[in-house]
Amino acid sequence: MTPQKKAPSWEKLQKWFLDQLATRPKDASAAVLGTEVAGPGIDAAGSLPRLNYQIFLEAASRTMIRFKKPEHLIKMIVRTIDEQLKVAHTAVLLYKEDKSSYILIDSKGEGGRKIPVGFIRLTSDNPLIDVFSEKHSYLVSETGILNYEDVVASLRNRDILERQPDLYDQLLAIKRQMDQIRASLCVPCYFKRELLGVLILGEKLSGEGFSREEMGFFVTLANDAAMAIANAQLIERLQQKVEEVNDLYLKEHSVFIHTAIALAAAIDARDPYTHGHTERVTTYCLSIAKELVGIPDAANYKNFLETLHIAALLHDVGKIGIPDHILNKNGRLTPEEYEEIKKHSAIGATILYPIKELGGVAKEVRAHQERYDGSGYPDGLKGGDIPLIARIIAVADAFDAITSNRPYRPRRDINEAIQEIKRNSGTQFDPIVVSAFLLAYEKGNILVNGDIRGDTLK
Amino acid sequence: MSSFRKLLIVDDEQDVCDFVKSFFAERNFQVFAALNAEEALTIAKSEKPEIVLLDIKMKGMDGVAVLKHMKDIDRNLKVIMVTALEDQDTIYEAYRLGACDYITKPLVLDHLVQSIEKNLKAV
């Protein structure tokens, strides 16, 4: 089976890849960089599997795209080059924005040759980094690689010394930097002409120079790595953005809720007989809603619980438009006054509708006095035509009215209230909402603190 | 030739010691390395280095405390603090105890070399 058959896991691919390298013939450069293309890993005679570098590249680039952490990829590159190409040391510098420098993030090599990870950095104006900028491209060979041998050869060139002293100084500075980290080759990793990193190779332990094919191989590897690094950085930035947006959402959400709470408090303050009414209705609504979260009507809301929360807080906001002498009347209302009071749900919707952030609950506020059988107000909506949230508020609202004192009647106890709700299931109330209410009550999620409410009324 | 100058690197990471050793050996230094406080103080006494590179954050010991002991051994010993920490209080404390410079990791090799040369000249 060839490794291309299905997307292999990174570990498998790496193992396969190292196995390929391990079984290569003695002459590393000929095998690793052999130009003859046999089948994937098997030569024409079907004998020993061989690695040729096209396969390596294919495998490497396919894996690279899957990397989320470029450090893993870089470690793999460094380890492979170190183990298979027999160089004194290998290291990778990667640009880190927060330090505005190229940081050494991985390195391999014998004691003393290995540069400790995280120990050094190269600033952007370092001759070794600067050489890869466009204006100095003439210093680098056409492969894009900076080769120590070339630098030394140029420094020996009397012509440069005599006629181009600036260039000579520049070359000298580059040689000094390469000496410091004992680099024989510096391979740039570009993505969209940006230098993301530099692959650094020490000299070959055999003492030979690097072949053209080997250098071509490093360039391809470096460019693929750059793409993987750029991808990973993009993903990282994207994740940061998502988090920022989430934070913003949470902040805005809490602003809406607090606005709604402030409005609700303003309504409650005007009507001493229903003091705390909004807060209690909201609590009941949320308890009922918990039992209804899965049902299709709830799923139709983009954000069911949040919409319910705001709608419940604002369901009586229209009372702002009802004259004080009616709202605060100490005694039974006349039929005319009652007609006035009945306007509050429509007024509430009119107030909320134009507000961008709160307009989404106008429909629910308008319908919270509708009855399941169609005999409610203001529109005489029936059954499923009444928004689910309005049907929930209707039950919670009635339950609180029954268990609260009124100027014209004392409050009734919970059992009576429950019976009343049950009795009106299917006529005044949606039976599903009533069952949810009863379920919530049985679970102990509908709490009425009668004493405190009753006593603080006046 | 007595042009070899004595440098002591104190760091609990073997890689760092090895690298600094080999790096400065090529620059005419006789380099001693210590992986812990005891070794560091023993070498400071016996070899009398001219300059010390001292890591602040090491396993099981505090570079600032090592600095204090070193200064007790030789008040004029030049000590450059090296660390990933960028804690102003620690930096201040190190200077108060007589450190001559402070370099943060990852460091620029040229800065390290310059700091050492400047401080050796000042002897």
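Criteria and cut-off values
- Residues numbered from 1 in each chain as written.
- Chains lettered and ligands numbered in written order.
- Predicted model: local features only at pLDDT ≥ 70, side-chain atom pairs only at ≥ 80, totals over all residues.
- Helix = DSSP H or I, 4+ residues; strand = E, 2+ residues; numbered from the N terminus.
- Buried ≥ 20, exposed ≤ 12 C-beta atoms within 10 Å, placed from the backbone.
- Contact = placed C-beta atoms within 7 Å.
- Nonpolar A, V, L, I, M, F, W, Y, C, P; charged D, E, K, R; others polar.
- Core = buried A, V, L, I, M, F, W, Y, C linked by C-beta atoms within 7 Å.
- Pairing = 2+ DSSP bridges.
- Axes fitted to C-alpha atoms, helices over the stretch in contact; angles between N-to-C directions.
- pLDDT = per-residue confidence, 0-100.
- Parallel < 35°, antiparallel > 145°, perpendicular 65-115°, else oblique.
- Left-handed = near helix turned anticlockwise from the far one by under 90°.

Caption draft 1: Inspection of the overall build of chain B at higher detail. The helix and strand tally for chain B stands at 5 helices and 7 strands. Of the regular secondary structure in chain B, the N- to C-terminal order runs β-α-β-α-β-β-β-α-β-α-β-α. Each of the 123 residues in chain B was classed as buried or not, and the buried ones make up 35%. Long-range contacts, defined here as pairs at least 24 residues apart, represent 60% of the contacts in chain B between residues at least 6 apart.

Caption draft 2: Inspection of the overall build of chain A at higher detail. The secondary structure content of chain A amounts to 20 helices and 6 strands. A burial count over chain A gives 36% of its 458 residues as buried. Sequence separation of at least 24 residues holds for 60% of the intrachain contacts in chain A that already meet a minimum separation of 6.

Caption draft 3: Region of the structure containing the interface of chain A and chain B. At the interface, 13 residues of chain A touch 12 residues of chain B. Mapped by element, the contributors of at least two residues to the side of chain A that touches chain B are β2 (101–109) and β3 (121–123) of chain A. Residue composition of the side of chain A that touches chain B, by class: 6 nonpolar, 5 polar and 2 charged.

Caption draft 4: Spotlight on the nonpolar core. Within the largest apolar cluster, 84 residues are counted, with the highest numbers of intra-cluster contacts made by L93 and A225 of chain A together with L54 of chain B. In this structure, A264, L308, V317 and A417 of chain A belong to the second largest nonpolar core, which totals 46 residues.

Caption draft 5: Quick peek at the sheet that holds strand β5 (residues 185–191) of chain A. Residues and elements named next belong to chain A. One open sheet accounts for 6 strands, arranged β3-β2-β1-β6-β5-β4; its pairing is antiparallel. Since the sheet does not close on itself, it has two edges, and those belong to β3 and β4 (146–147), each with one partner. Here strand β1 (residues 89–96) pairs with β2 via 8 bridges, running antiparallel. Bridging from a neighbouring strand, K96 pairs with S101 of β2. On the sheet, helix α9 (residues 212–270) packs against β5 and β6 (194–201) and is oriented at approximately 40 degrees with respect to β5.

Caption draft 6: Structural detail: the confidence of the model for chain B. Confidence along chain B averages 90 in pLDDT terms, with 97% of residues attaining 70 or more. Across the assembled chains, the prediction reports ipTM 0.86 with pTM 0.58.

Caption draft 7: A look at the packing of helix α10 (residues 277–290) of chain A against helix α12 (residues 304–314) of chain A. Residue and element names in this part refer to chain A. Interaxial distance between α10 and α12 falls to 8 Å at its minimum, and their mutual angle equals 155 degrees. Looking at the two axes, α10 sits roughly antiparallel to α12. Here the hand of the crossing between α10 and α12 comes out right-handed. Facing T278, V281, T282, C285, L286 and A289 of α10, the residues of α12 in contact are F304, L305, L308, H309, A312 and L313.

Caption draft 8: Structural view of the sheet that holds strand β2 (residues 29–34) of chain B. Residue and element names in this part refer to chain B. Judged by pairing direction, the sheet is parallel, and its 5 strands sit side by side in the order β2-β1-β3-β6-β7 without closing on themselves. The open sheet has two free edges, formed respectively by β2 and β7 (101–104), since each of these has just one partner strand. Sheet twist, expressed as the mean angle between neighbouring strand axes with direction ignored, is 20 degrees. Along the sheet face, helix α5 (residues 109–121) touches β1 (5–10), β3 (51–55), β6 (78–83) and β7 and points at about 175 degrees away from the line of β7.

Caption draft 9: Layout of the environment of D106 of chain A. Residue and element names in this part refer to chain A. With respect to the helices and strands, the residue D106 is situated in strand β2. D106 sits 27 residues away from R79 along the chain, and the two C-alpha atoms are 9.3 Å apart. D106 has contacts with I74, K75, V78, A91, V92 and V117, leaving out every residue within four places of it along the chain.

Caption draft 10: Molecular detail of the pairing of β2 of chain B. In this sheet, β2 of chain B lies alongside β1 of chain B in parallel orientation, the contact comprising 6 bridges. Residue pairing in the sheet places K6 of chain B in a bridge with Q30 of chain B of β2 of chain B.

Caption draft 11: Layout of unusual backbone geometry. All names here are of chain A. For the bond running from Y377 to P378, omega is 5 degrees, close enough to zero to count as cis. If you trace the backbone, P378 turns up in the loop between α16 (362–366) and α17 (388–402). Positioned with a positive phi, R182 is a non-glycine residue whose angle comes to about 50 degrees. By secondary structure assignment, the location of R182 is in the loop between α8 (165–180) and β5. The class of R182 is buried, set by 21 C-beta atoms lying within 10 Å. You will see that K192, though not glycine, has its phi angle at about 50 degrees, which is positive.

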